[in-house]
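What the coordinates show
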Amino acid sequence: FNMCGDETYDLGKGANARKVRRRGAATLYLDHVRFLRREAARHGKALMFWGDVLQHHPEAIPGIPADCTVLDWGYERNTDFGKIARFVDAGLSTYACPSTRGYRVVFNEVEEARANIAGYAREAARAGAAGLLTTDWGDMGHFNMPACSLHGLALGAALSWNPKSDERRAFDRAFSLQLFGDASGKAAKLFRLAGTTGIAGWPMMLTDPPDAPPARSRRAKVLSALDLAEELVRSFDSLAKTGVARRQTIEELALAGEALALNARHILVADAPSRDRRALGRRMLNFARSYGKTWLRANKPSGLPELRRAFERAAKRLVEGNVHARPVTRGDLP
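Before going into details, it helps to say that this report is about the structure given with it. Bear in mind the structure is a predicted one, so any value in this text is a computation, not a measurement.

Structural notes on the overall build of the protein chain
Broken down by element type, the protein chain carries 12 helices and four strands. Along the longest, intermediate and shortest principal axes, the C-alpha atoms of the protein chain span 65 × 50 × 40 Å. When each of the 334 residues of the protein chain is scored for burial, the buried share is 49%. In the protein chain, the share of contacts with a sequence separation of at least 24, taken over all contacts with a separation of at least 6, comes to 72%. As presented, the protein chain carries roughly 16600 Å² of accessible surface, and 51% of it is formed by carbon and sulfur atoms.

Notes on the packing of helix α10 (residues 247-268) against helix α11 (residues 274-298)
For the pair α10 and α11, interaxial distance at closest approach is 10 Å and the crossing angle is 155 degrees. Compared by their axis directions, α10 and α11 come out roughly antiparallel. Two packed elements cross with a definite hand, and for α10 against α11 that hand is left-handed. Mapping the contact onto sequence places Arg-247, Gln-248, Glu-251, Glu-252, Leu-255, Glu-258, Ala-259, Ala-261, Leu-262, Arg-265 and His-266 in α10 and Leu-280, Arg-283, Met-284, Phe-287, Ser-290, Tyr-291, Thr-294, Arg-297 and Ala-298 in α11.

Quick look at the side chain of His-151
Positionally, His-151 belongs in helix α6 (residues 150-161). Engagement of the side chain of His-151 in a polar contact is seen with the side chain of Asp-172, the distance being 2.9 Å.

Calculation notes
Residues numbered from 1 in each chain as written. Predicted model: local features only at pLDDT ≥ 70, side-chain atom pairs only at ≥ 80, totals over all residues. Heavy atoms only, no water. Helix = DSSP H or I, 4+ residues; strand = E, 2+ residues; numbered from the N terminus. Buried < 20%, exposed > 50% of the residue type's maximum accessible area, 1.4 Å probe, protein only. Contact = heavy atoms within 4.5 Å. Areas by Shrake-Rupley, 256 points an atom, 1.4 Å probe, with all protein chains shown as cover. Axes fitted to C-alpha atoms, helices over the stretch in contact; angles between N-to-C directions. Parallel < 35°, antiparallel > 145°, perpendicular 65-115°, else oblique. Left-handed = near helix turned anticlockwise from the far one by under 90°. Polar contact = N/O pair within 3.5 Å; in protein donor to acceptor, adjacent residues only side chain to side chain.

Spelled out as structure tokens, the structure:
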């Protein structure tokens, strides 16, 4: 039973504040872990939980019940991967948990994920960890298309099977061939390019357009990224011809490429004439409709209605030129 239990920043700051002053936050957290461990055992389950809180209180790690499984996470390329040894050396079953880096972006940060997954996998093997759990999630509406995480998920599988294998050229060739029937390695290259545009931020396209046009150097980079995004849409679509990748996968990747293009156009719209702003608004509405259809073919509705409303509000501001209308905020997203 995974109790989660990560990022409890308000631990001991409310009803238990007096107890924390007397016994410490680590003791309070351990008490809760032990309580849930007993409850899980009553139902024939062992307890699993995220380890970040106790990484901040390593002196408390020896107090974790021996039959618990700890999930040690860190999602940056420069994460202190060696911290996993604190749990392993305490005799605990421990999983290293890197990330596909798909949160708050419209296309995963592939190279950041590659470094994070490879670093964690190898350190986990050296430390004697029980396994590797590659994490994937999103924030602020979870716009993320599942297909954009395939590179990171496959890499996590490959390196947990053989941490000494090549995570770069050899992996990319195998990834392209196995998932897309592409012997040239083009598919992995598209993932890498899409994940390094520098314009993938979410929900960039839904926020107020910038007040001023980008500086010349920034504009050149955005235009280059726009060209790349539109090429990605065409290229991902061409991968469908191999007949290996599922239609859903290709549609999701093409839509992610279009989302990158919308982000680029959003950055450039500050000094655009009103007709271009209206065109961008209409393009966003068309995108939202396509996105919704693709979403519903593979997922439950979940936060899709809220996401649609956010797109409609942002597009309306552009189409009608109503800069005084209420902008989309984080609270509008599911």
